[in-house]
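Observations on chain architecture
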Amino acid sequence: MTYTIISELNVCNKIKGDTITEKELLNAGANIEALIAGNHIKASGGTTKPAIQEGAYK
Amino acid sequence: MARIVLTNAKVTINSVNLSDHIGSVILSTSNDVVDTTGFSSTAARARVAGLSDNSLTLEFHQDYATSNVEATIFPLIGTTTTVVVIPVDTTVSATNPSYTFTALVAEWQPLSGAVGELATASVTWPISGAITKAVA
């Protein structure tokens, strides 16, 4: 799982637009939910919800 | 050994560098004093150190902008968070050590100030566990 820095402030010594891995955040002792709530980071790559194959039961 | 005037201290809370919105920082550590005095000819109390009790006091300059002070701290209320304090925002060394610890965000002041004054938030957070000092 990777995240993109969207904060104007440095997060884990990274700046806006940089990407950061979940492992890096956890190693730094970061509370990821709080960083997302504070608009510091957002999940990269859009939704992680698996695509539903056409014709499959929903 | 040079004296130091604090101008560029670094305070990182939950991995977010909030230094430019913090006007004061106090990292305190103390130990309980446990009396071990027994009968002796010295006629003086003897003591040993007990549990340590550490805390962090900060004065924030309040800012409600996106991903700034309020947005960073409010989601942390009631939780523990990693804090790193460095005297000067440059390379950590023996003469510029870093202090890392887990603080309990036990209080917060979303709004504090008087007319005509800077909105600030003064907090003292107890530290859970030990303070780790690094010199490299």
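Quick caveat: nothing in here was measured; it's all calculated off a predicted structure. (Residues numbered from 1 in each chain as written. Chains lettered and ligands numbered in written order. Predicted model: local features only at pLDDT ≥ 70, side-chain atom pairs only at ≥ 80, totals over all residues. Heavy atoms only, no water.)

Comments concerning the overall build of chain B
Each helix and strand counted, chain B has one helix and seven strands in total. Order of helices (α) and strands (β) in chain B, N terminus to C terminus: β-β-β-β-α-β-β-β. Relative to the globule expectation of 14 Å for 136 residues, the C-alpha radius of gyration of chain B, 18 Å, shows a markedly less compact shape. Structurally, chain B occupies a C-alpha span of about 65 × 35 × 30 Å along its principal axes. (Helix = DSSP H or I, 4+ residues; strand = E, 2+ residues; numbered from the N terminus. Rg over C-alpha atoms; globule rule 2.2 N^0.38 Å.)

Focus on the sheet that holds strand β3 (residues 41–43) of chain A
Residues and elements named next belong to chain A. Spatial strand order, β2-β1-β3: three strands in an open sheet with antiparallel pairing. The sheet terminates laterally at β2 (19–21) and β3, the two strands that pair on one side only. Neighbour to neighbour, the strand axes of the sheet diverge by 35 degrees on average, direction disregarded. Relative to β3, strand β1 (residues 2–5) runs antiparallel, the two being bridged by three bridges. Counterpart to Thr4 in the pairing with β3 is Lys42. (Pairing = 2+ DSSP bridges. Axes fitted to C-alpha atoms, helices over the stretch in contact; angles between N-to-C directions.)

Examining the sheet that holds strand β2 (residues 16–17) of chain B
All names here are of chain B. Strands sit in the order β2-β1-β5-β6-β7-β4-β3 across an open sheet of seven strands; the sheet is antiparallel. Each of the sheet's edge strands pairs with one partner strand only, and the pair in question is β2 and β3 (22–35). As paired elements, strand β1 (residues 10–13) and β2 share two bridges and run antiparallel to each other. Among the inter-strand pairings, Ile13 is bridged to a residue of β2, identified as Val16.

Overview of the nonpolar core
Ile13, Leu18, Leu58, Phe60, Ile73 and Trp125 of chain B are the most contacted members of the largest nonpolar core, which totals 32 residues. Going through the elements one at a time, β1 and α2 (32–37) of chain A together with β1, β4 (47–61), α1 (69–73), β5 (80–86), β6 (98–104) and β7 (120–134) of chain B are the ones with two or more residues in this core. Broken down by element, the residue count for this core peaks at four residues, all from β7 of chain B. If we ignore the near neighbours within four places in the chain, the residues touching Phe60 of chain B are Ile13, Leu18, His21, Ile22, Val69, Ile73, Trp108, Ala119, Thr120, Ala121, Val123 and Trp125 of chain B. (Core = buried A, V, L, I, M, F, W, Y, C linked by side-chain atoms within 4.5 Å. Buried < 20%, exposed > 50% of the residue type's maximum accessible area, 1.4 Å probe, protein only. Contact = heavy atoms within 4.5 Å.)

Remarks on the interface of chain A and chain B
Note: interface size is frequently given as the accessible area lost on complex formation between the parts. Contacts between chain A and chain B engage 17 residues on the former and 15 residues on the latter. In this structure, the connection of chain A to chain B is made through zero salt bridges. At the boundary of chain A with chain B, the tally comes to seven residue pairs in polar contact (both at pLDDT 80 or more). Across the side of chain A that touches chain B, the residue classes break down as eight nonpolar, eight polar and one charged. (Salt bridge = Lys/Arg side-chain N within 4 Å of Asp/Glu carboxyl O. Polar contact = N/O pair within 3.5 Å; in protein donor to acceptor, adjacent residues only side chain to side chain. Nonpolar A, V, L, I, M, F, W, Y, C, P; charged D, E, K, R; others polar.)

So, the environment of Ser28 of chain B
Residue and element names in this part refer to chain B. Take Ser28: it is sitting in strand β3. Along the backbone, Ser28 and Thr57 are 29 residues apart, and their C-alpha atoms lie at a distance of 8.0 Å. Residue contacts for Ser28: discarding those within four places in its chain leaves Asp53, Asn54, Ser55 and Ile131.

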